[in-house]
Amino acid sequence: MLDFGITGKTAIVCASSKGLGYGCAEALAKVGVNLLMCARGADLLEKSAQNIRDLTNVTVKTVACDITTPEGRAQVLEAAGDVDILVNNAGGPPPGNFRDWTRDDWIAAIDANMMTAIELTKAVIDPMIERRFGRIVNITSGSVKSPIPALGLSNGARAGLTGFAAGVSREVAQHNVTINGLLPGQFNTDRIEALITNSAKAQNVSTDEMRTILEDRNPTKRLGDITEFGFACAWLCSAHSGYITGQNILMDGGAFNATL
Ligand code: NAP
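Residues numbered from 1 in each chain as written. Predicted model: local features only at pLDDT ≥ 70, side-chain atom pairs only at ≥ 80, totals over all residues. Heavy atoms only, no water.

Asker: Please explain the sheet that holds strand S4 (residues 85-88) as it appears in this structure.
Answerer: Sheets are built from strands paired through backbone hydrogen bonds, the pairs being either parallel or antiparallel. Here seven strands make up an open sheet; going across it, the order is S3-S2-S1-S4-S5-S6-S7 and the pairing parallel. On the outer flanks of this sheet lie strand S3 (60-64) and strand S7 (248-251), each paired with one strand and no other. On average, each strand axis in the sheet is tilted by 15 degrees relative to the strand beside it, whichever way the strands run. Bridging between strand S2 (residues 34-39) and S3 involves five bridges; their strand directions are parallel. Note that in S3 the partner of Met37 across the bridge is Thr62. Against the sheet, helix H2 (residues 42-55) makes contact with S2 and S3, and its axis sits at roughly 170 degrees relative to S3, the strand it touches most. (Pairing = 2+ DSSP bridges. Helix = DSSP H or I, 4+ residues; strand = E, 2+ residues; numbered from the N terminus. Axes fitted to C-alpha atoms, helices over the stretch in contact; angles between N-to-C directions. Contact = heavy atoms within 4.5 Å.)

Asker: Mind showing me how you'd approach the pattern of salt bridges here?
Answerer: One side chain can pair with another of opposite charge once the charged atoms of both are near each other. Tallied over the full model, the rule gives nine salt bridges. Where Arg131 meets Asp84, a salt bridge forms, and the shortest distance between an N and an O atom there is 3.7 Å. Residue Arg131 is found in helix H4 (residues 103-131), and its partner Asp84 is found in the loop between helix H3 (70-80) and S4; the two are separated by 47 residues along the sequence. For Arg131, a relative accessible area of 34% gives the class partly exposed. Look at Asp84 and you get buried, because its relative accessible area is 10%. Salt bridges here are not isolated pairs; linked through shared partners, they connect Asp82, Asp84 and Arg131. (Salt bridge = Lys/Arg side-chain N within 4 Å of Asp/Glu carboxyl O. Buried < 20%, exposed > 50% of the residue type's maximum accessible area, 1.4 Å probe, protein only.)

Asker: How do you make sense of the site of the ligand when you look at a structure like this?
Answerer: Lining the immediate environment of the ligand, one finds 29 residues, of which Ser17, Leu20, Ala90, Phe187 and Thr189 sit closest. The contact in question runs from a nitrogen atom of the ligand to an N or O atom on the backbone of Ile67, over 3.0 Å. Here Phe187 contributes a backbone N or O atom positioned 2.7 Å from an oxygen atom of the ligand. Relative to its unbound accessible surface of 880 Å², the ligand loses 89% to contact with the protein. When residues of the shell around the ligand are assigned to their parent elements, the largest contribution, three residues, is made by helix H6 (residues 190-203). Per-class residue counts for the shell around the ligand are ten nonpolar, 13 polar and six charged. (Near = heavy atom within 4 Å. Polar contact = N/O pair within 3.5 Å; in protein donor to acceptor, adjacent residues only side chain to side chain. Areas by Shrake-Rupley, 256 points an atom, 1.4 Å probe, with all protein chains shown as cover. Nonpolar A, V, L, I, M, F, W, Y, C, P; charged D, E, K, R; others polar.)

Asker: What is the right way to look at the environment of Ala108 in this model?
Answerer: Residue position: Ala108 is located in helix H4. For the pair Ala108 and Leu153, spaced 45 residues apart in sequence, the C-alpha separation works out to 9.2 Å.

Asker: What exactly am I supposed to notice about the packing of H4 against helix H5 (residues 152-172) here?
Answerer: Their axes nearest at 8 Å, the elements H4 and H5 cross at an angle of 15 degrees. Taken together, the axes of H4 and H5 lie roughly parallel to each other. For the element pair H4 and H5, the recorded crossing hand is right-handed. Contact with H4, carried on its side by Asp105, Trp106, Ala109, Ile110, Asn113, Met114, Ala117, Ile118, Thr121, Ile125 and Ile129, involves Gly152, Leu153, Gly156, Ala157, Arg158, Gly160, Leu161, Phe164, Val168 and Val172 of H5 and no other residues of that element. (Parallel < 35°, antiparallel > 145°, perpendicular 65-115°, else oblique. Left-handed = near helix turned anticlockwise from the far one by under 90°.)

Structure, rendered in C-alpha cells:
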C-alpha cells in the first residue's frame, strides 16, 4: 500500500468548508494529516469538519474567521500549533472591467489572494525549516498561466503570489520545505456555479446549456471534481515530494492547449 509518509503531521487548510479547500482537507485527512480548517461561516465549517472526522481518525480543529484579516490569521495560527503543511486559499475576487476598479478594489484582491498567503507563509516557514519538513501549496488559478480578461483582479494578485513563491521556494528547498502552486481550471464548486449563472445571462442561454457548453469545450468533456484536486494537493504534500518545488501545476483537464 502506498504510504504518503505524512501521517500525524498537521495542516492548516484555509477556506475549506467547501469547494477546492474542502477537497484538499479531506484528501490530507485520508492520508493521516491532522487538520485546522477555516472559513467565515461557522455552521458549514463545523458540518464539513465533522464529515471528515466521520471519514477518518485524524484530529480536526476549526476556526470560523476571515483568513484575509490579520485577526483571522492570528486565530488560525494560534489554534494550529506546529504547522507542517499549509494550504493557502481564499475566495476569489469578483469579475469586472478594469476601468471600474478602484485602488481599494485592487488592495482587497491583493490582500485576499496574495498577501494572505504571503503572511501565513512568513509565519510558518522558519519553524518548518528548523524541523526540516514543510509543504506549502498555494491554490491559485489557471488564470496565472492563461489570463481570463474579466478576472483582472485575480490575474494580477495571483501572479504576484506566484512570483513571490517562485523565489522563496528555491531559498528553502535545501531544508525539505517546498512551495508549489495548484492552478484549477473549471471545477464543480459553488464558485463555478456563480460563473455559469453569470455567463448564461450574458449569452442568453439557460444555466444547463451554459454548463454543457463549458463541459464540451474541455478535452475531458466535463468539469473537474474536488476529490481530484484534493488528491493532487495530498501528492504535493507527501513526504516523497521533496524534489518538486517552485512548480505551478495546471489542473484543467487539458483545456490550456500547449505542448509543454
Ligand atoms: P467555493 O466553492 O465558493 O468555496 C470557497 C471556500 O472558501 C468556502 O469554504 C468559503 O467559506 C471559504 N472562504 C471564502 N472567503 C473566505 C475568507 N475570506 N476567509 C475564510 N474562508 C473563506 O470556491 P472554490 O471554487 O473552492 O474556489 C476556491 C478558490 O479557487 C477561489 O479563490 C477561486 O477563485 C479559485 N478558483 C476556483 C476555480 C474553480 O473552478 N472552482 C477555478 C479557478 C480558481 P465562507 O464563505 O463561509 O468563508
